[in-house]
Amino acid sequence: MLTICDCGGQKPTPHPRVPLGLVSEHQVRKELGKINRAIPPREGTFKKVLVPGAGTEAAAAPTVRGGTGAEVGRGAPSRAAGPAGQHEGTGRGAASPAGKVPRDLTMSLYCRIAFRGKSFCCYRLLSTYVTKTRYLFELKEDDDACKKAQQTGTFYLFHSLAPLLQTSEHRYLVPRFSLSELERLLSKFGQNAQRIEDSVLIGCSEQHEAWFALDLGLNSSSSTHASLPKSEMETELKGSFIELRKALFQLNPVDSSLLFTAQSLLHWHDGHQFCSRSGQPTKKNMAGSKRVCPSNKIIYYPQMAPVVITLVSDGTRCLLARQSSFPKGLYSALAGFCDMGESVEEAVRREVAEEVGLELERLQYSASQHWPFPNSSLMIACHATVKPGQTEIQVNLRELEAAAWFSYAEVAAALKRKGTYIQQQNQSFPFSVPPKLAIAHQLIKEWVEKHACSSLPD
Ligand SMILES: NC(=O)C1=CN([C@@H]2O[C@H](COP(=O)(O)OP(=O)(O)OC[C@H]3O[C@@H](n4cnc5c(N)ncnc54)[C@H](O)[C@@H]3O)[C@@H](O)[C@H]2O)C=CC1
């Protein structure tokens, strides 16, 4: 018999809503066979199976082991895909060598077999997320657990804050390396494995494979390691260290989000190596979630600056602005850093008044986004409307180069990247809006969609 439990790595105890499931191995194989004919012949007896994402024991032990000890679980993608294992979210790392069942498939299958009800599916989703979150919390708090997680984790590499990328058909792939691959690489460049302690934790898979980022181009105050030569490393790693901002449009959203986090954390650590009170070098914890000054015990935590970004509308048009540093023809929503002591609402009203001389009537929160350029910001995006009859723009030229009202047709065309041109310094440029990845794009898209709906005949 095969026990499927949701025990958080503890002794299995029945959950009030989700009973422990007991299914036969035959049943498991039958279901697996339906989906994946490549399942290997039975070579032993299955042991207890921990459904993914459950506390420390689940994290420390491979999720599923056959009697042969063949591992189908954490750490598999990196090894399966070789030195350039890819992020599972991209679908590129789902290599399934003969005799191995793809990890995600195995997990979803076990859930399916044991609990077919709709309510269970909802529960599982939440449970996996919660256990993953708690696992990451544990790694941030416990240096030993984090060091242990490095053994089975994978590493993204950076050089002077530029991520290592590989090119494939006009897209960038983001390779990850196992601990042993990294140790081999460091030894080849004359450095010892201690350098790996400079890495920062940036997330983990649902199967608790921890992901780390390590910059081999930055010097750290806590180590004597010198920067490694960029071009030799690129040759060795069959990729290039490319500035994140330049690579943005060729990355998928999952990869770019992880790289945003990694680059921001590495950047923050690079800039906070000394205590601002004692002047002594600070020491990072294993996960990189904080730095501590050994002499006075002051703790420094990574920080981001709150920024409000607002799409102002007068009911029929929306207001977009540009700075001289923007590419020609590009207009965006109004953005600005929150001042100390301000609420989001106050910051939005102040920024709009400061930049275009308008007063707001209504304000509605839309969404938020972490933005790593040039330093970490938490972008808080809102829609707003101006007071009726008060639409005359007075551009603050110390902040903006230009601002203007745009019609639905103009903005809809710009979103589709065609049609409209705009006059700038006696020349005509195609009118464009920020790229999809930017929250400014999302605000503009939402406004266009809302406008399209509201202008439909009843
Ligand atoms: N993801 C997105 O869709 C967008 C993101 N942004 C980001 O929002 C941020 C703010 O946008 P802008 O005001 O247009 O930027 P900006 O870079 O023009 O900054 C304006 C001024 O704010 C001050 N400043 C810089 N850093 C600060 C900080 N940490 N705290 C307080 N003041 C600071 C400086 O005096 C700077 O000149 C930028 O980081 C920009 O990259 C802006 C527009 C769209």
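- As named in an unreviewed UniProt entry, the protein is NAD(P)H pyrophosphatase NUDT13, mitochondrial, taken from Sciurus carolinensis.
- A UniProt comment under Subcellular location (unreviewed entry) is attached to the protein, and it reads "Mitochondrion".

## Things to note about the side chain of Ser313
So, point 1. Note that Ser313 resides in strand S14 (residues 305-313).
So, point 2. By relative accessible area, Ser313 is classed as buried at 7%.
So, point 3. Polar side-chain contacts of Ser313 include one of 3.2 Å to the backbone oxygen of Arg317.
So, point 4. Beyond its immediate sequence surroundings of up to four residues, Ser313 is in contact with Cys318, Ala384, Thr385, Val386, Trp405 and Trp447.

## Overview of the environment of Val348
So, point 1. With respect to the secondary-structure elements, Val348 resides in helix H11 (residues 344-356).
So, point 2. On the basis of relative accessibility, which here comes to 0%, the residue Val348 falls in the buried class.
So, point 3. Expressed as a C-alpha distance, the spacing of Val348 and Ala381, which sit 33 residues apart in the sequence, is 9.4 Å.
So, point 4. Setting aside chain neighbours within four positions, we find Val348 in contact with Val308, Thr310, Leu360, Leu363 and Cys382.

## Observations regarding the nonpolar core
So, point 1. By size, the foremost hydrophobic cluster in this structure holds 49 residues, and its most contacted members are Tyr156, Ile202 and Leu320.
So, point 2. Built from parts of two domains, this core gets at least three residues from each of domain 2 (146-300) and domain 3 (307-454).
So, point 3. Aside from chain neighbours lying at most four places away, what touches Leu320 is Leu311, Tyr331, Ser332, Ala333, Ala403, Ala404, Phe406, Val411, Phe431, Val433 and Ile444.
So, point 4. Of all hydrophobic cores here, the second largest spans 28 residues; its members include Leu185, Cys204, Ala210 and Ala287.

## Digging into the layout of surface pockets
So, point 1. Its boundaries defined by the atoms lining it, the largest pocket holds a volume of some 960 Å³.
So, point 2. Contributing to the lining of the largest pocket are 34 residues, with Arg245, Gln323, Phe326, Ser332 and Trp371 lying nearest its centre.
So, point 3. Elements that contribute at least two residues to the lining of the largest pocket include exactly S14, strand S16 (334-337), H11, strand S17 (360-371), strand S18 (377-386) and helix H13 (439-454).
So, point 4. A per-class count over the lining of the largest pocket returns 22 nonpolar, seven polar and five charged.
So, point 5. Built from parts of two domains, the lining of the largest pocket gets at least three residues from each of domain 2 (146-300) and domain 3 (307-454).
So, point 6. Considered as a void within the structure, the second largest pocket measures approximately 830 Å³ in volume.
So, point 7. Lys140, Leu201, Ile202, Thr261 and Leu265 are the residues nearest the centre of the second largest pocket, which is lined by 31 residues in total.
So, point 8. Only helix H5 (118-141), strand S8 (200-204) and helix H10 (253-271) provide two or more residues apiece to the lining of the second largest pocket.
So, point 9. The greatest single-element share of the lining of the second largest pocket, amounting to seven residues, is contributed by H5.
So, point 10. Residues that form the lining of the second largest pocket fall into these classes: 15 nonpolar, twelve polar and four charged.

## Side note on the confidence of the model for the protein
So, point 1. Looking at the protein, pLDDT values average 77 and 69% of them are 70 or higher.
So, point 2. A low-confidence stretch, residues 1-29 stays under pLDDT 50, and its non-local contacts, those more than four residues away or across chains, total 66 contacts.
So, point 3. Contacts of residues 31-123 to residues separated by more than four positions or lying in other chains number 196 contacts, the stretch itself having pLDDT below 50.
So, point 4. If you check the scores for this complex, the pTM reads 0.74 and the ipTM reads 0.93.

## Notes on the sheet that holds strand S11 (residues 283-284)
Within a sheet, adjacent strands bond to each other through the backbone by hydrogen bonds, running parallel or antiparallel.
So, point 1. Spatial ordering of the open sheet is given by S11-S12-S13, a layout of three strands whose pairing is antiparallel. The open sheet has two edge strands with one neighbour each: S11 and strand S13 (299-300).
So, point 2. Across two bridges, strand S12 (residues 291-292) lies against S13 in antiparallel orientation. Bridging from a neighbouring strand, Val292 pairs with Ile299 of S13.

## Some details on the site of the ligand
So, point 1. Of all residues adjacent to the ligand, which total 16 residues, the nearest are Gln323, Gln369, Phe373, Ile439 and Ala440.
So, point 2. A distance of 2.7 Å separates an oxygen atom of the ligand from a polar atom in the side chain of Gln323.
So, point 3. Given that more than half its atoms are within 2 Å of the pocket grid, the ligand belongs to the largest pocket.
So, point 4. Mapped by element, the contributors of at least two residues to the shell around the ligand are S14, S16, S17, S18 and H13.
So, point 5. Partitioned by chemical class, the residues of the shell around the ligand number twelve nonpolar, four polar and no charged.

## Some words on a negative patch on the surface
So, point 1. A cluster of acidic residues, Glu141, Asp142, Asp143 and Asp144, forms a negative patch at the surface.
So, point 2. Among the structural elements, Asp144 can be located in helix H6 (residues 143-152).

Parameters and conventions
- Residues numbered from 1 in each chain as written.
- Predicted model: local features only at pLDDT ≥ 70, side-chain atom pairs only at ≥ 80, totals over all residues.
- Heavy atoms only, no water.
- UniProt positions renumbered as here; feature names shortened; annotations may be inferred.
- Helix = DSSP H or I, 4+ residues; strand = E, 2+ residues; numbered from the N terminus.
- Buried < 20%, exposed > 50% of the residue type's maximum accessible area, 1.4 Å probe, protein only.
- Polar contact = N/O pair within 3.5 Å; in protein donor to acceptor, adjacent residues only side chain to side chain.
- Contact = heavy atoms within 4.5 Å.
- Core = buried A, V, L, I, M, F, W, Y, C linked by side-chain atoms within 4.5 Å.
- Domains from an automatic or database assignment.
- 1 Å grid on protein atoms, 1.4 Å probe; cavity = no way out; pocket = protein on both sides within 12 Å on 5 of 7 lines; lining within 4 Å.
- Points joined across faces, edges and corners; volume = space filled by probe spheres on them.
- Nonpolar A, V, L, I, M, F, W, Y, C, P; charged D, E, K, R; others polar.
- pLDDT = per-residue confidence, 0-100.
- Pairing = 2+ DSSP bridges.
- Near = heavy atom within 4 Å.
- Sits in = over half its atoms within 2 Å of the grid points.
- Patch = residues over 30% accessible without salt bridge, like charges linked within 9 Å, V, L, I, M, F, W, Y side chains within 5 Å.
- Areas by Shrake-Rupley, 256 points an atom, 1.4 Å probe, with all protein chains shown as cover.
- Salt bridge = Lys/Arg side-chain N within 4 Å of Asp/Glu carboxyl O.
- Lys, Arg positive; Asp, Glu negative; His and termini not counted.
- Charge placed at Lys NZ, Arg CZ, Asp CG, Glu CD.

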